[in-house]
Amino acid sequence: MSLPDKGRSTEELLAEITRLKREDLPVRGGKVTAYVYDTGRPEVHEAAARAYFEMLEVNTLDPTAFPSVVEMEKQVVGAVADLLGGGSGIFTSGGTESIMLAVKAARDARKTEGRPRMAVPVTAHPAFHKAAHYLGLVVDAVPVDPVTFRASPSDVEAAITEDTVLVVASAPSYPQGVIDPVARIAGIAAARGVPCHVDACVGGWLLPWLREAGADIPPFDLSVPGVTSLSCDLHKFGYAPKGASVVLFADPAMRRRAYFASASWPGYTVINATVQSSKSAGPLGGAWATLQALGREGYLELGRTTLAAARELRAGIAKIPGLRVLGDPESALVAFGSDGDSGGDSGGDSDGDGVDVFVLSDEARRRGWFLQPQLSYAGIPANIHITVTGVTLRGVEAMLEVIAEAVEAARERGPAKLPEGLVELVAGLDLDALDDAAFGELASAVGVDLGGSGQPEMAVVNAVLDALPADRREAILIRFLSVIYS
Ligand SMILES: Cc1ncc(COP(=O)(O)O)c(C=O)c1O
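Engineer: Explain the overall build of the chain residue by residue, including any values.
Structural biologist: Per the secondary structure count, the chain includes 16 helices and 13 strands. Its C-alpha atoms give the chain a radius of gyration of 23 Å, near enough to 23 Å, the size a compact globule of 486 residues would have. When its C-alpha atoms are laid out on the principal axes, the chain stretches across 65 × 60 × 50 Å. Looking at the chain as a whole, 50% of its 486 residues qualify as buried.

Engineer: Pulling in residues and values, what's your account of the site of the ligand?
Structural biologist: The environment of the ligand is made up of 13 residues, and the closest members are Gly95, Thr96, Asp199, His235 and Lys236. The separation between an oxygen atom of the ligand and a polar side-chain atom of Thr96 is 2.5 Å. One of the side-chain N or O atoms of Lys236 is found 2.9 Å from an oxygen atom in the ligand. Here the ligand, which alone exposes 390 Å², has 82% of that area covered by the protein. With 3 residues, helix α4 (residues 95–109) is the largest single contributor of residues to the shell around the ligand. When the residues that make up the shell around the ligand are grouped by side-chain class, the tally is 5 nonpolar, 5 polar and 3 charged.

Engineer: Any details on the pattern of salt bridges? Residues and values, ideally.
Structural biologist: In this structure the tally under the stated criterion is 22 salt bridges. A salt bridge links Glu301 to Arg304, with the shortest nitrogen-to-oxygen separation between them at 3.1 Å. With Glu301 and Arg304 both in helix α10 (residues 282–319), this residue pair falls 3 residues apart, about one helical turn. The salt bridge partner of Glu457 is Arg413, with a shortest N-O separation of 3.2 Å.

Engineer: Describe in detail the state of the cysteines, supporting the description with residues and values.
Structural biologist: What the rule picks out here adds up to 0 disulfides. Of the cysteine sulfurs around Cys196, a residue in no disulfide, the closest is that of Cys201, at 14 Å. With relative accessibility at 0%, the residue Cys196 sits in the buried group. Residue Cys201 stays outside any disulfide, its sulfur separated by 7.8 Å from that of Cys232, the closest cysteine.

Engineer: Describe the packing of aromatic side chains, naming the residues involved and giving the relevant values.
Structural biologist: Evaluation of the coordinates by the stated rule reveals 7 aromatic pairs. Where Trp205 meets Tyr299, the ring centres are 5.5 Å apart and the plane angle is 80°; that geometry is what we call edge-to-face. Of this pair, Trp205 sits in the loop between β5 (196–199) and α8 (207–212) while Tyr299 sits in helix α10; the two residues are 94 residues apart in sequence, bridging distant segments of the chain. As far as the burial class goes, Trp205 and Tyr299 line up, both buried. Geometrically, the ring pair formed by Trp265 and Tyr268 is edge-to-face, given 5.3 Å between the ring centres and 80° between the ring planes. We classify Trp265 as partly exposed; its relative accessible area is 44%. Among the aromatic side chains, those forming a connected cluster through ring pairs are Tyr37, Phe237 and Tyr239.

Engineer: Break down helix α11 (residues 357–366) for me, with residues and values.
Structural biologist: Of all the 10 residues making up α11, 9 are buried; the element is thus mostly covered by neighbouring parts of the structure. Val357, Phe358, Val359, Leu360, Ser361, Asp362, Glu363, Ala364 and Arg365 are the residues of α11 that are buried. Residues of α11 that are buried in the fold lie against β10 (323–325), β11 (333–338), β12 (372–374), β13 (383–387), α12 (392–413) and α15 (459–466). For α11, the N-terminal cap is Asp356; the gap from its side-chain oxygen to the backbone nitrogen of Phe358 is 2.8 Å. Two residues or fewer past α11, Gly368 is found with a positive phi of approximately 90°.

Engineer: How would you explain unusual backbone geometry if you had to name every residue and give the values?
Structural biologist: A cis amide bond links Ala171 to the next residue, Pro172, at an omega of -10°. Take Pro172: it is sitting in the loop between β4 (164–170) and α7 (182–191).

Engineer: Now, about the pairing of β13: what can you tell me, with residues and values included?
Structural biologist: Of all 5 residues in β13, 5 are buried; the element is thus mostly enclosed. Residues of β13 alternate between two faces, with Asn383, His385 and Thr387 on one and Ile384 and Ile386 on the opposite face, all of them buried. Here 3 bridges tie β12 to β13, and the two strands are oriented antiparallel to one another. Counterpart to Gln374 in the pairing with β13 is Asn383.

Engineer: Hey, could you go over the environment of Lys236 for me, with residue numbers and the actual values?
Structural biologist: Here Lys236 lies in the loop between β6 (227–233) and β7 (245–249). C-alpha separation for the pair Lys236 and Thr387, spaced 151 residues apart in sequence, amounts to 10.0 Å. Excluding residues that lie within four positions of it along the chain, Lys236 makes contacts with Tyr37, Cys201 and Val202.

Engineer: Could you give me a rundown of the nonpolar core, with the residues and numbers involved?
Structural biologist: Counting 101 residues, the largest nonpolar core has Leu234, Leu313 and Ile403 as the members making the most contacts within it. By residue number, the principal contributor to this core is α10, which donates 12 residues. Residues within four places of Ile403 in sequence aside, it is in contact with Leu313, Ile317, Ile320, Leu323, Phe336, Leu371 and Ile386. The next biggest cluster of nonpolar side chains, apart from the first, holds 25 residues, and it includes Val120, Ala127, Leu166 and Phe249.

Engineer: Could you give me a rundown of the sheet that holds strand β1 (residues 88–92), with the residues and numbers involved?
Structural biologist: The 7 strands are arranged β1-β7-β6-β5-β4-β2-β3 in an open sheet whose pairing can be described as mixed. Each of the sheet's edge strands pairs with one partner strand only, and the pair in question is β1 and β3 (138–142). With direction set aside, neighbouring strand axes in the sheet form an average angle of 20°. In this sheet, β4 lies alongside strand β2 (residues 117–121) in parallel orientation, the contact comprising 3 bridges.

Engineer: Can you explain helix α3 (residues 67–83)? Please cite residues and give values.
Structural biologist: Its 17 residues place the ends of α3 25 Å apart at the C-alpha level, agreeing with the 24 Å of an ideal helix rising 1.5 Å per residue. Immediately downstream of α3, the backbone of Gly85 shows phi near 90°, a positive value.

Parameters and conventions
Residues numbered from 1 in each chain as written. Predicted model: local features only at pLDDT ≥ 70, side-chain atom pairs only at ≥ 80, totals over all residues. Heavy atoms only, no water. Helix = DSSP H or I, 4+ residues; strand = E, 2+ residues; numbered from the N terminus. Rg over C-alpha atoms; globule rule 2.2 N^0.38 Å. Buried < 20%, exposed > 50% of the residue type's maximum accessible area, 1.4 Å probe, protein only. Near = heavy atom within 4 Å. Polar contact = N/O pair within 3.5 Å; in protein donor to acceptor, adjacent residues only side chain to side chain. Areas by Shrake-Rupley, 256 points an atom, 1.4 Å probe, with all protein chains shown as cover. Nonpolar A, V, L, I, M, F, W, Y, C, P; charged D, E, K, R; others polar. Salt bridge = Lys/Arg side-chain N within 4 Å of Asp/Glu carboxyl O. Disulfide = S-S within 2.5 Å. Phe/Tyr/Trp six-rings, centres within 6.5 Å; stacked < 30°, edge-to-face > 60°. Contact = heavy atoms within 4.5 Å. Pairing = 2+ DSSP bridges. Core = buried A, V, L, I, M, F, W, Y, C linked by side-chain atoms within 4.5 Å. Axes fitted to C-alpha atoms, helices over the stretch in contact; angles between N-to-C directions. Expected span 1.5 Å × (residues − 1).

The following block contains the structure:
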């Protein structure tokens, strides 16, 4: 874009935004089964948007200048604490920031001889790796049970060292939607004098409603002995606009470890509860309004429909020949793979009569549905992930029909065809010797258009990534990002 010489009218700008968004996936309607959370109640999203807009220009940087921020934040954090076992909290921009603050607090609460370490199940969100990367910790990866996909307490125990400052459990972990044995893991951590963080980013504002609606949900929150902090995203199952999460600490002293203040310069005094300093109070307003607009009854009703949809979806997938649901998810996240695929091979088609899930995902997308592909990792096979939300129930039959059609189409097409030698070529690439343009050209030479828009065919890209080790996948992904932004 070049900056226009003369300012443009609002109408013109909005028309341009509409044009820019033409190829975006729809954020409402339930056909996009990741990234977005739809209540199916437009008036709730409208209330959130208006409150967001109302708070847009308020800067949370200085709570003495804008007391509305303190009051609103106390109400939002208070609601989360009431539901999840108490504690004192911070409103943050998302799960990653909540986790970052929990890790910082744990690091600063305990001085270690060596580099501080964290015991993190392999199914925990990469936000822990990101926090470790930013904050100078080492991650000790903890395996999960290959059948249930839950972190094994004995492996967590084995991973704890003298320098461990934090142990992590998820409720649920994202990939298969299963809840780690929080009480046992937190008990082990407490016995060793180590804090335990429960990542309830996805489940914190979901599991209590599912429980009330009749699901069997084990205790997972701050009321569990040994749990010292917990993250809960309101921009997921709280249905708030993006930019809304809460991190809770059992001990207010631990919350202070998450804060940052600086008086080491001649400017205004800096006191920050979050990673960001200046930031809009819009997301806080949006989250506050969503909670108020839905209320207890609204969330319980959403919990009921979500539970019904998740059960119907699981039962329906189990009936589609060639597919199987992974694990026994208690939450509303459902992952399914190719039947008979025990992991490690690209797309889940080792024996020739399974279904390549990456092709399946492309076929669903052609039919207007986004089903999220997940790569194989740590012995867990490649699979498709669906986040069931409040609006899913209305379209669950249509979703199952599309999955069944996409399976048939994927069978007919066969697994993604990789040009001979492509994986070896990518694995051996000296990325530092290639600039972004050369990387883009190389990709298009093998039929992968990185600059394309519309409905991209991702099966080949996913199959190549799937065949590479994690560190190589990461290097390629970073280059991919750089190319699409060049
Ligand atoms: C379990 C879990 N933790 C953390 C996160 C990170 O959240 P965010 O994308 O809001 O930073 C996610 C996101 O999907 C998640 O599922």
